Amino acid sequence: MKKIAIPILLALAVPTPSLQAERPILMSDINPSQLYSKQQIEVEINNISQKDNGFSILQSEYLMLKAINKLDEQHLSKDDVEFLNQHTQYQSQSFIKHDEGPLPLAIFDIASAAKYKLNQYYVHDKAKEYQRLLESSWENYKQALKTKDLSQVQLAAKLESMNGLNDSQYSEIAKELIVSRNYQSPLVVKAVSNSNDASLVKALLLNSASADANRLLAEKLYQFSNLEQADILQSVVVKNKALASSALMQYAKLPNNVRSNDWLVSQLSDSYLGASAAKAIGITQSQNALSSAKELILDDSSNRTQVANALLALKFANNDYAKSELNELLERDLIKFKDMQQEVAKWLD
Amino acid sequence: MVRLIKKTVLASSIALLPFAASGEVLTYTENTNSNTELAVGYPLPVPVDSMTAVSGFRSYEFLKSHHQALALANAEMTSVQVGTTHNGREIIAYRFGDDNNTDLDGVTEPAFLVNGTIHAREWQSPEVVTELMEQIIERKSDQGMVQYLLDNTNIVILPVSNVDGFLQTQRYPINVTNSPGTTAASSASAKFAQPRDGRMRRKNMPNVDEVLSTEADRLNGVDLNRNSSHFFGVQPDNSVSTSLIYGGANPFSEPETQALLQAASLGPESRLRFYQDSHSFSRVLFVPQPNNSRLNAITQSVATKYQNTTINQGANYFPVIDQVGSGIATTADYFAYEHLIPSWTLEIEPPQGFQGEPNGGAFYGGTGASHSGFIAPDSAIARIRDQLAPAQLLMFYHQAGPAYVKSVRIADANNQVVYAADWQTSGNSRTLNVSTDTNLTGGQQYKLWVQFSKPMRWRSGGNLAQYPGQSITISPAVSFNGSASGGSFSRSLTTSNSNWQSQSGGVLAGFETYIDDVIMLDFTMPSNVNVSSASGTTNFNLSLAVQDFAGLSLDANPATVVDWANGAWTGYENSNGAAGDTGGTDNSYAVKVANSSLNLVSGGGGSSGGGGGGAMSWLLLLLLSGFAIRRK
Ligand SMILES: [Zn+2]
């Protein structure tokens with residue numbers, strides 16, 4: 001397949017209009033013959049096997065992309081690498097109109113596919129080096145991980161090379177890496193995530209706002225005891241604003257005997273987190289917490305934040321008790337802020 | 001109760017289906033490709049159960065709880081159920097503003113509508129729209145832009161309109177079903193070419209169960225962005241019920257599009273001046289162009305301002321201008337053609353087709369696989385949210401309308417008010433009430449205080465700055481004009497950026513209602529104007545030329561209240577008093593200066609030409625003219 005595709009690519013190397021980086025390719029930049037409908041694309045692709053005398057632009061690009069995707073990034077020959085390199089600059093010539101407006105979109109993103117495949121190849125290649133190092137010397141391997149990452153490829157290769165490590169190796173690497181790197185480092189995140197070490201996980205969750213930290217919070221905590229989870233989650237709620245709301249929701253799902261509902265109620269006064277605490281109380285369905293919320297609403301000294309979040313706790317609980325309490329609060333005019341009365345009335349409609 | 005019944009009916013109707021054929025379920029992966037898997041090249045986002053913003057995409061239940069919590073805690077935000085989906089779920093819009101529907105002058109407020117998540121798979125949309133809601137609330141007491149908007153306008157935001165569809169995509173965050181017409185035996189690229197349902201559902205969910213593998217219903221649903229009345233059914237596939245762009249049986253047949261109309265009525269519709277429908281992806285604005293040249297000029301101007309703000313924030317949202325008179329029944333087409341207001345479809349990043357920038361998911365280092373642009377990585381969304389909020393807020397500020405001069409005060413060196421004028425609004429017109437009009441003296445020191453109807457300047461860290469991406473002249477232009485012996489004259493006062501007031505204090509002391517709604521400056525009354533008689537007074541008309549921080553010039557004649565009709569501004573005069581869309585210099589304040597303090601000439605020698613100069617040069621000129629008089 002690729003033997004066919006290379007000459008086609010060269011034949012197609014028509015200079016595209018030089019475009020400013022500041023704008024996308026517009027309809028006026030392309031020839032109407034370059035624009036295909038979904039039906040035309042389908043027909044063209046279905047007809048590929050029947051063509052003996054040359055391919056349309058769309059068909060050639062389809063074949064190019066197919067050839068690229070077929071390559072095994074673990075085993076690329078020199079020719080394959082050359083083939084991919086040639087295609088990393090390829091500018092698509094066949095377009096489809098954007099569903100929502102007059103913008104031509106490349107049907108096949110050949111350059112991106114080639115770049116990604118090449119990148120994967122370099123990463124695997126480099127990862128093999130690290131793996132050889134790992135097999136020969138644990139100390140040297142650790143040292144190599146600690147050296148500065150010179151490129152994204154090197155970083156990705158290090159990450160890949162870590163795949164076969166065991167818990168204690170991950171833990172050891174995490175402890176050594178954190179001396180020179182912060183908790184945003186993907187290497188630290190990977191080592192900590194796989195370490196099965198509650199204190200390391202806790203430290204990361206207290207010090208990172210990243211998507212990785214979120215993922216760790218959602219996917220890895222279950223491996224620890226309920227008490228350990230409760231400790232980690234409470235600490236995150238208190239010390240890491242960025243993860244606090246989702247930590248509260250997880251805390252709410254812990255069993256009654258390790259969860260402090262009073263503590264959840266106390267969070268209702270927090271102007272940033274109080275609404276999340278209300279949601280958490282709703283998740284617990286704790287009768288005591290809901291009673292405390294009601295008291296907070298009735299307490300003359302409660303401020304707007306407290307009243308609002310206590311009302312929310314009842315709303316989010318969404319059970320018969322909470323609904324009848326809300327009804328009563330409304331009917332007996334016990335919600336002291338008028339705008340809140342109006343919102344609560346809408347919930348009960 | 002209603003909801004319970006509906007669910008039961010739905011459940012039993014599914015159970016009654018004679019054959020529950022199963023379709024093939026495909027999976028997106030980080031790095032694995034196979035006949036049923038497609039690699040996007042980065043971790044796939046899974047909805048996060050968090051009410052506050054995270055580095056990721058929040059699940060619908062928690063977004064909704066967050067919106068409701070904000071509405072409860074803040075009197076400036078109210079929730080309104082505007083509809084119910086096919087599957088019985090509430091569709092909720094939010095109104096932002098004070099508790100009346102009039103601005104500080106008692107005029108009915110203009111309104112703006114932002115719609116989100118009409119297409120289920122476009123997860124960037126609810127996050128971007130929610131960020132806008134959060135910023136409005138966080139800044140509600142900023143004494144500036146946002147407080148002004150809350151006092152004087154009505155912002156309506158519908159964060160998630162296709163609730164059923166959005167939930168379906170979140171229920172199956174990494175799974176889809178194969179392209180129509182393909183089978184398990186088809187190639188992976190064919191199966192993933194037009195992925196449907198699950199994570200790639202676009203349409204709503206009429207007669208669709210929530211089980212992904214059900215073959216019979218997976219292509220059902222209406223494209224809510226083809227279900228509007230203008231250009232309804234113009235595309236052939238709009239009438240094919242299994243098509244991605246099926247337009248439905250009739251315009252506005254769907255509860256979700258009806259809900260959008262209901263949300264618009266909260267404006268109400270007649271007060272709307274801006275509409276944005278928030279989609280992904282491509283990093284462009286699709287800008288409809290009805291056959292209305294004034295509207296199109298304004299729309300293109302504001303779209304460019306929007307783009308410039310996003311460029312300043314690090315992302316170039318390029319306006320793609322539609323052909324005049326063409327459309328495809330999008331909701332943006334509807335608001336552009338029905339209400340003749342600036343209206344567009346925002347396509348949030350990743351970009352597509354920009355030279356030098358990878359397309360779709362490849363923009364984030366991914367494979368660039370087909371449709372991967374709908375799957376932005378978790379790590380990108382916080383930046384995306386932040387980059388778009390300033391541009392959207394700027395649109396509200398701009399479309400709130402141009403500023404006008406509300407009040408003018410001039411005080412002498414003893415702080416005695418010598419001139420006081422205030423515009424008083426009644427309905428659609430204003431009258432200038434001049435309550436103090438003492439004669440001023442050329443060559444004397446005075447203080448000028450002028451209040452505008454908007455916060456006129458942007459500050460960054462307390463310092464005057466351009467609004468992100470905009471470019472205006474920050475210092476005000478103030479002059480005195482008139483005619484005297486021999487012809488007209490114009491004398492500019494020296495102004496500077498520091499004339500803008502960031503300290504409160506009101507009349508002759510600081511800003512009045514909003515930070516930077518006032519300029520205050522000390523000046524020497526020009527005396528180098530020739531008069532033919534030493535008795536009497538000469539009118540010096542105070543002229544004010546200022547742009548707001550969106551670049552809108554003043555309404556040069558505040559007597560007619562600015563409004564919006566037929567696709568353009570009304571009552572918005574330029575310096576010559578002609579109504580249009582550009583505004584100009586307000587020249588309405590006639591200050592009397594005693595002729596005895598001016599330059600007495602016997603003949604009709606004419607006054608010297610205009611020119612600038614500060615207090616020093618005026619003093620010099622005064623001395624020179626004094627000599628001239630004495631020599632005669
Ligand atoms: Zn869309």
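First, a word on scope: everything that follows refers to the structure included in this document.

Reading guide: rules and limits
- Residues numbered from 1 in each chain as written.
- Chains lettered and ligands numbered in written order.
- Predicted model: local features only at pLDDT ≥ 70, side-chain atom pairs only at ≥ 80, totals over all residues.
- Heavy atoms only, no water.
- Pairing = 2+ DSSP bridges.
- Helix = DSSP H or I, 4+ residues; strand = E, 2+ residues; numbered from the N terminus.
- Axes fitted to C-alpha atoms, helices over the stretch in contact; angles between N-to-C directions.
- Phe/Tyr/Trp six-rings, centres within 6.5 Å; stacked < 30°, edge-to-face > 60°.
- Buried < 20%, exposed > 50% of the residue type's maximum accessible area, 1.4 Å probe, protein only.
- Lys NZ or Arg CZ within 6 Å of the ring centre and 35° of its normal.
- Donors = N, O, S within 2.8 Å, 3.2 Å for Na, K, Ca; no water.
- Tetrahedral: all angles 85-135°; square planar, octahedral: opposite > 155°, others 65-115°.
- Core = buried A, V, L, I, M, F, W, Y, C linked by side-chain atoms within 4.5 Å.
- Domains from an automatic or database assignment.
- Contact = heavy atoms within 4.5 Å.

## Observations regarding the sheet that holds strand β14 (residues 429–437) of chain B
Residue and element names in this part refer to chain B.
- Within the open sheet, the five strands sit side by side as β14-β13-β12-β15-β20. Their pairing is antiparallel. At either margin of the open sheet sits one strand with a lone partner, and together these are β14 and β20 (518–524). Between one strand and the next, the sheet's axes are offset by a mean angle of 15 degrees, whatever the strand orientation.
- Judged from the seven bridges that link them, strand β12 (residues 405–412) and strand β15 (residues 445–452) form a sheet pairing that is antiparallel. Bridged to I410 within β15 is L448.

## Concerning the packing of aromatic side chains
- Taken as a whole and judged by the stated rule, the model has 31 aromatic pairs over all chains.
- Look at Y251(A) and W263(A): their rings are 5.0 Å apart centre to centre, the planes differ by 70 degrees, and that puts the pair in the edge-to-face class. Here Y251(A) is found in helix α13 (residues 241–252), whereas its partner W263(A) is found in helix α14 (residues 261–266), with twelve residues between them in sequence. Taken individually, Y251(A) and W263(A) each receive the classification buried, so the pair is uniform in this respect.
- By the ring-pair criterion, three or more aromatic residues cluster together here, those being Y148(B), Y397(B), W458(B), Y467(B), Y514(B) and F549(B).
- In this structure, R304(A) packs its charged tip against the face of F337(A), placed 5.3 Å from the ring centre.

## A closer look at the coordination of the zinc ion
Residues and elements named next belong to chain B.
- Donor atoms from the polypeptide that bind the zinc ion are H119 (ND1), E122 (OE), E122 (OE) and H279 (ND1), placed at 2.0 to 2.3 Å.
- Coordination at the zinc ion is irregular: its four donor atoms span angles of 60 to 150 degrees at the metal.
- Spacing between the donor residues of the zinc ion along their common chain follows H-x2-E-x156-H. Remark: H279 occurs in strand β8 (residues 272–282) and E122 occurs in the loop between β5 (111–116) and α3 (124–138); sequence separation between them is 157 residues. The same class applies to E122 and to H279, which are both buried.

## Details of the nonpolar core
- Ranked by internal contacts, the top residues of the largest apolar core, which has 98 residues, are F96(B), I136(B) and F396(B).
- Taken together, domain 1 (2–171 + 195–399) and domain 2 (405–631) of chain B each give at least three residues to this core, which thus spans both.
- F96(B) has contacts with E76(B), M77(B), M133(B), I136(B), I137(B), L150(B), T153(B), N154(B), I155(B) and I157(B), leaving out every residue within four places of it along the chain.
- With 83 residues, the next largest nonpolar core counts L254(A), W263(A), L329(A) and M51(B) among its residues.

## Thoughts on the sheet that holds strand β6 (residues 154–158) of chain B
Residue and element names in this part refer to chain B.
- What the eight strands build is an open sheet, ordered β3-β4-β6-β5-β8-β11-β9-β10; its pairing is mixed. The open sheet has two free edges, formed respectively by β3 (77–84) and β10 (318–324), since each of these has just one partner strand. Strand-to-strand twist of the sheet, defined as the mean angle between neighbouring strand axes without regard to direction, takes the value 20 degrees.
- Here helix α2 (residues 60–73) sits on the sheet in contact with β3 and β4 (90–96), set at roughly 35 degrees to β4.

## Quick notes on the pairing of β5(B)
Residue and element names in this part refer to chain B.
- Counted residue by residue, β5 has six buried out of six residues, so it is predominantly covered.
- Neither face of β5 is open: one carries A111, L113 and N115, the other F112, V114 and G116, and all of them are buried.
- Bridge count for β5 against β6 is five bridges, and the pairing is parallel. Bridge pairing links V114 to I157 in β6.
- As judged from the six bridges shared by β5 and β8, these two strands associate in the parallel manner. Residue G116 lies in a different strand from β8, and its bridge partner there is S278.

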